[in-house]
Amino acid sequence: MKNIQFKSITALVLLCGLLFTSCGDSSSPKKGNKVTGAEESLTPTYDIAILNSEFATYNQDIRIGFTAALDDMIGRKNYTIHEYNAHSIDDIRYNARSIVTDESTQLIFANGENAIKAMSQATHEIPVVAAGVYDIQETLGTGEAWSTPTGTNVTGVAGRSSMTDTLSLLIETINPIKQVAILISPEDTDSISQCRQLERYMDQAGIKWKEYSLLASDAYKTATTSLDGVTPPAMTEDQAESLIGDANNAVMQLAITECNCIFIPMGSKLTDQWPLIAGTANISGVPIVTGDVSFGRHALTCLYLDSFAIGYEAGTMAYQILVKGSKPDEMDISAAPASSLVKLYQNSIADAYGCEFPKTFHEIDSYLNHELPGASTERVKISDNEEE
């Protein structure tokens, strides 16, 4: 009897050993890999890193739209997000290194100009989906047409609002247009790219324009650690802000004497200068037209791009890469659908100027307070029935 018990125990140990060896087999499914055969019921999971370098409402809604698409197409339980928020160039670089050295990272979502630049420099292998800029090709410095594939591991969604729609907004808002003051920030290459295109359209329409350069309040801090290695002379932050304020005020005084309207592009880094810009312009009776909803409540009219749609399109591209096997270097740069563009006006400013707008315009406070981001986005639910 004792011998039988010993044999039974020995057999049990051997059986457990075989089971343990089987569990540790290198053929077992790994994260992000398609599961086949007897384990088809298991769902792959994906590790996604998000690097945010801009934090305006525009970028926040992009972030919301991105994960909404992942929820719809991959399923909330089937992916993991590792999110990094970086305000300074040093932090962006540090976080970029952390992301690419994490062996679990399968895809990176770069939200904002500096995030895109940093991630494109940090890795040439991990797929990067970019958003939060007007022109991704311009941000990367490729010199290629905005919608063509980058030929690298970076693809994404350009936040392009139609410049013909922008010009139409200017013409509908200001009559007659004598000369448009275009406000730019020298370090804001993305906004400058927009303005260059608008200027070409205005030239074709016979509309006069002039650029005026202002500095954002954090321009000095950015310059101290810029990606281009610019190092300005030493001064305190208060001294820098005082100099920036005086310089911007002088530029604004010139702009309102030479032009009868002001234009600020979408995603402008000058939104922190709104007290000076709006105060100077509105007191002087020079209306502001903008493509930036962050500035919209201080402007007469605004072309609003629902950035949730940009994020949702970016999430769709991430799905195509992770699940369908699309290659970033072969994917066209995408754009938000035209349905996500809305013309807005600010009621109190319109009253001050004695302006009335047609039904194609919406009052900005009423619209933004009642229309949730993504209201115009057609969502696609496939995570519940996608065949693996």
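Refer to the structure above for everything that follows.
Everything numeric in this text was worked out from a predicted model, so none of it was measured. (Residues numbered from 1 in each chain as written. Predicted model: local features only at pLDDT ≥ 70, side-chain atom pairs only at ≥ 80, totals over all residues. Heavy atoms only, no water.)

A. A look at the overall build of the chain. In terms of helices and strands, the chain carries 14 helices and 13 strands. Relative to its full complement of 388 residues, the chain shows a buried share of 47%. Counting contacts in the chain only where the partners sit at least 6 residues apart, residues at least 24 apart contribute 74% of the total. Entry remark: accessible area of the chain is about 19,100 Å², with carbon and sulfur atoms responsible for 52%. (Helix = DSSP H or I, 4+ residues; strand = E, 2+ residues; numbered from the N terminus. Buried < 20%, exposed > 50% of the residue type's maximum accessible area, 1.4 Å probe, protein only. Contact = heavy atoms within 4.5 Å. Areas by Shrake-Rupley, 256 points an atom, 1.4 Å probe, with all protein chains shown as cover.)

B. Representation of the side chain of aspartate 135 in the model. Structurally, aspartate 135 is set in the loop between β4 (128–131) and α5 (136–140). Classification of aspartate 135 by relative accessible area gives buried; the value is 8%. Engagement of the side chain of aspartate 135 in a polar contact is seen with the backbone nitrogen of glutamine 137, the distance being 3.0 Å. Here the side chain of aspartate 135 touches glutamate 138 through a polar contact of 3.1 Å, landing on its backbone nitrogen. The residues touching aspartate 135, leaving out its near neighbours within four places in the chain, are Trp146, Arg160, Asp190 and Ser193. (Polar contact = N/O pair within 3.5 Å; in protein donor to acceptor, adjacent residues only side chain to side chain.)

C. Geometry of the nonpolar core. Phe66, Leu107, Phe109, Met202 and Ile310 are the most contacted members of the largest nonpolar core, which has 57 residues in total. Element by element, the count of residues in this core is highest for helix α12 (residues 307–322), at 10 residues. With near-sequence residues (within four places) excluded, phenylalanine 109 lies in contact with Ala49, Ile50, Leu51, Ile62, Phe66, Val129, Ala131 and Ala314. The next biggest cluster of nonpolar side chains, apart from the first, holds 21 residues, and it includes Ala115, Ile116, Met119 and Val133. (Core = buried A, V, L, I, M, F, W, Y, C linked by side-chain atoms within 4.5 Å.)

D. View of the packing of aromatic side chains. The final tally for this structure, using the stated rule, is five aromatic pairs. Aromatic pair phenylalanine 308 and tyrosine 312: ring centres 6.1 Å apart, planes at 20°, arrangement stacked. Residue phenylalanine 308 and its partner tyrosine 312 are located together in helix α12, separated by four residues, close to a single helical turn. Each of the two residues, phenylalanine 308 as well as tyrosine 312, counts as buried. (Phe/Tyr/Trp six-rings, centres within 6.5 Å; stacked < 30°, edge-to-face > 60°.)

E. The arrangement of the side chain of arginine 63 in detail. Checked against the element boundaries, arginine 63 lands in helix α2 (residues 57–73). Within polar-contact distance, the side chain of arginine 63 engages the side chain of glutamate 83 at 2.7 Å. When near neighbours in sequence (up to four residues on either side) are disregarded, arginine 63 contacts Ile50, Ile81, Glu83 and Asn111.

F. Spotlight on the pairing of strand β10 (residues 301–305). Burial within β10 is extensive, with five of its five residues counted as buried. Neither face of β10 is exposed, since Thr301, Leu303 and Leu305 on one face and Cys302 and Tyr304 on the opposite face are all buried. The pairing of β10 with strand β12 (residues 341–345) spans five bridges and is classified as antiparallel. Each bridged residue has a counterpart across the sheet, and for leucine 305 the counterpart in β12 is leucine 341. (Pairing = 2+ DSSP bridges.)

G. The sheet that holds strand β13 (residues 361–363), seen in detail. Taken in spatial order, the seven strands make up an open sheet running β7-β6-β8-β9-β10-β12-β13, and their pairing is mixed. At either margin of the open sheet sits one strand with a lone partner, and together these are β7 (209–213) and β13. Strand-to-strand twist across the sheet, computed as the mean angle between neighbouring axes with direction ignored, equals 30°. Contacts from helix α6 (residues 163–173) reach β8 (261–264), β9 (288–290), β10, β12 and β13 within the one sheet, and its direction differs from that of β10 by about 155°. Its contacts with the sheet put helix α7 (residues 189–205) on β6 (180–184), β7 and β8, and the angle it makes with β6 is roughly 165°. (Axes fitted to C-alpha atoms, helices over the stretch in contact; angles between N-to-C directions.)

H. Geometry of unusual backbone geometry. Backbone torsion omega between asparagine 175 and proline 176 reads 0°, so that peptide bond is classified as cis. The residue proline 176 is located in the loop between α6 and β6 in this model.

I. Geometry of the sheet that holds strand β2 (residues 79–85). One open sheet holds the six strands; their spatial order is β2-β1-β3-β4-β5-β11, and the pairing between them is parallel. Strands with a single pairing partner mark the edges of an open sheet, and in this sheet they are β2 and β11 (334–335). Pairing between strand β5 (residues 154–158) and β11: two bridges, direction parallel. From the neighbouring strand, valine 157 faces β11, where its bridge partner is serine 334.

None of this, on its own, says anything about what the molecule does.
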